[in-house]
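Chains, contacts and geometry: an overview
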Amino acid sequence: MTRTRARPPAPEPGLSLRSTVTLSNGVAMPRLGLGVYQTGRGRETRSAVLAALEVGYRLVDTAAVYGNERDVGAALRESGVPRGQVFVTTKLWNSDHGYDRTLRAFDASLRALGLDVLDLYLLHWPVPNVRLQSWLALERLLLEGRARAIGVSNFTLPHLRELLEASDVAPAVNQVELHPFLPQIELVAFCHGRGVQVEAYSPLARAERMDHPVLQRIARVHGKSPAQVLIRWSLQRGFVTIPKSARRERIAENADVFDFTLEPAEMKDLDGLNEELHTDWDPTGVR
Ligand code: NAP
């Protein structure tokens with residue numbers, strides 16, 4: 001396969017915490033959000049989401065398997081931020097695939113979140129044999145207006161091609177692990193070409209490379225932290241990005257990325273850090 005480089009989007013003037021991208025079906029999705037994977041049930045998730053909403057985040061990424069949808073919903077209500085201003089994503093867990101089971105799992109997630117309508121519902125993982133049936137259920141949820149957008153997660157090129165060939169509705173989003181240590185160049189180029197918004201999960205590479213000398217150098221130049229440089233790289237590459245922190249000060253730090261721009265040479269240096277680092281599960285071999 002030829003290695004196509006993703007076209008680097010030009011730095012966007014006026015990019016802010018309130019910036020959105022327009023998905024293929026016209027729905028606006030915030031560019032930066034809070035992830036809550038491994039944020040503890042109960043108080044920890046509630047206070048992280050509340051802190052994020054206070055700071056100005058308007059996107060929260062959860063999943064049925066994270067076990068904290070209920071707490072995300074409670075924080076949304078407690079925050080007083082109008083429902084229409086917050087974009088909520090959740091995901092179908094692997095054991096809930098199949099047409100009817102997907103519809104039931106979606107209902108359970110909505111109940112846990114305390115919502116009538118979800119902003120984005122994702123297939124969490126390309127589970128073999130059943131994923132296309134589950135996708136039909138997502139199409140129905142979209143048609144009925146119960147999900148404003150539908151998409152996938154951890155889909156590789158073959159999974160995406162299969163889905164695009166088989167279905168009438170293309171995924172609005174593909175959420176995948178993405179950071180300079182795993183830039184997924186071909187997948188990103190393919191998604192951009194097909195109007196599928198790329199959403200970067202684990203954009204901080206789970207804090208496993210914060211001491212990398214290139215990252216440290218660029219952070220020093222801008223007077224920013226390595227985490228802020230990674231988030232800025234993700235935004236300048238055109239991704240929706242969802243760093244996770246359970247700590248209020250880091251939640252604020254991770255959103256304080258709109259007062260500097262990485263220069264083309266710095267973006268290039270960061271692009272050179274690929275080491276195919278999967279900090280999470282690797283869907284490459286999934287048929
Ligand atoms: P991540 O955001 O790359 O990194 C989170 C780690 O970085 C945590 O240990 C956090 O610790 C630390 N951290 C956060 N801000 C920091 C800062 N400013 N300085 C230093 N360390 C910092 O990893 P992730 O949680 O795997 O990914 C983010 C989100 O993506 C998840 O929460 C989830 O919503 C989504 N996700 C989706 C999938 C999927 O299969 N679809 C898989 C993984 C993740 P503290 O919490 O202690 O601050």
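Residues numbered from 1 in each chain as written. Predicted model: local features only at pLDDT ≥ 70, side-chain atom pairs only at ≥ 80, totals over all residues. Heavy atoms only, no water.

**Quick look at the overall build of the protein**
Looking only at helices and strands, the protein features 10 helices and 10 strands. Relative to a compact globule of 287 residues, whose C-alpha radius of gyration would be 19 Å, the protein shows 18 Å and is just as compact. Taken along the three principal axes of its C-alpha coordinates, the protein extends 55 × 50 × 30 Å. Considering only residue pairs separated by 6 or more positions, the protein has 75% of its internal contacts joining residues 24 or more positions apart. (Helix = DSSP H or I, 4+ residues; strand = E, 2+ residues; numbered from the N terminus. Rg over C-alpha atoms; globule rule 2.2 N^0.38 Å. Contact = heavy atoms within 4.5 Å.)

**Focus on the sheet that holds strand β5 (residues 87-92)**
The strand order β3-β4-β5-β6-β7-β8-β9-β10 describes an open sheet built from 8 strands, whose pairing is parallel. If you trace the sheet from one side to the other, it starts and ends with β3 (34-35) and β10 (240-241), each paired once. Relative to strand β4 (residues 59-61), β3 is paired through 2 bridges, and the arrangement is parallel. From the neighbouring strand, Gly35 faces β4, where its bridge partner is Asp61. Each of β5, β6 (118-123) and β7 (147-153) is contacted by helix α3 (residues 99-113), which is oriented at about 135 degrees to β6, the strand it contacts most. Relative to β7, helix α4 (residues 131-143) is tilted by about 160 degrees, and along the sheet it contacts β5, β6 and β7. (Pairing = 2+ DSSP bridges. Axes fitted to C-alpha atoms, helices over the stretch in contact; angles between N-to-C directions.)

**Considering the pattern of salt bridges**
Summed over all chains, the structure comprises 14 salt bridges. Here Glu162 and Arg131 are joined by a salt bridge, their closest N and O atoms 2.8 Å apart. Of the two residues, Glu162 sits in helix α5 (residues 157-166) while Arg131 sits in helix α4, which places them 31 residues apart along the sequence. For Arg131, a relative accessible area of 6% gives the class buried. A salt bridge links Arg237 to Asp271, with the shortest nitrogen-to-oxygen separation between them at 2.5 Å. (Salt bridge = Lys/Arg side-chain N within 4 Å of Asp/Glu carboxyl O. Buried < 20%, exposed > 50% of the residue type's maximum accessible area, 1.4 Å probe, protein only.)

**Digging into the side chain of Thr45**
Looking at the element boundaries, Thr45 is found in helix α1 (residues 43-55). For Thr45, a relative accessible area of 0% gives the class buried. Within polar-contact distance, the side chain of Thr45 engages the backbone oxygen of Thr39 at 3.1 Å. One polar contact links Thr45 to Asn68, side chain to side chain, over a distance of 3.3 Å. (Polar contact = N/O pair within 3.5 Å; in protein donor to acceptor, adjacent residues only side chain to side chain.)

**Examining the site of the ligand**
Around the ligand, 30 residues are found, and the nearest of them are Asp61, Ser153, Arg206, Lys244 and Ser245. Within the contact set of the ligand, a nitrogen atom lies 3.0 Å away from a side-chain nitrogen or oxygen of Glu253. Taken together, the residues of the shell around the ligand sort by class into 14 nonpolar, 8 polar and 8 charged. (Near = heavy atom within 4 Å. Nonpolar A, V, L, I, M, F, W, Y, C, P; charged D, E, K, R; others polar.)

**Details of unusual backbone geometry**
Look at Gln184: it is not a glycine, yet its phi comes out positive at around 50 degrees. Of note, Gln184 is situated in the loop between β8 (173-177) and α6 (185-194). With a phi close to 50 degrees, Ser202 is a non-glycine residue in the positive phi region.

**Re the confidence of the model for the protein**
In this model, the protein carries a mean pLDDT of 95, and residues with pLDDT of at least 70 account for 96%. Residue range residues 1-10 is modelled with pLDDT below 50. Its contacts to residues more than four positions away, or to other chains, number 18 contacts. (pLDDT = per-residue confidence, 0-100.)

**Brief notes about the packing of aromatic side chains**
Given two aromatic rings, one states the distance between the centres and the angle between the planes to describe the pair. One pass over the full model with this rule turns up 5 aromatic pairs. Taking NZ or CZ as reference, Arg232 lies 5.8 Å from the ring centre of Phe260, over its face. (Phe/Tyr/Trp six-rings, centres within 6.5 Å; stacked < 30°, edge-to-face > 60°. Lys NZ or Arg CZ within 6 Å of the ring centre and 35° of its normal.)

**Quick notes on the pairing of β6**
Most of β6 is tucked away, with 6 of its 6 residues classed as buried. Alignment of β5 against β6, held across 4 bridges, turns out to be parallel. Looking across to β6, one finds that Thr90 is bridged to Tyr121. Handedness of the β-α-β unit built from β5, α3 and β6 comes out right-handed. Judged from the 5 bridges that link them, β6 and β7 form a sheet pairing that is parallel. Each bridged residue has a counterpart across the sheet, and for Leu120 the counterpart in β7 is Ala149. Crossover connection from β6 via α4 to parallel β7: handedness right-handed. (Right-handed = clockwise from strand over helix to strand, strands pointing away.)

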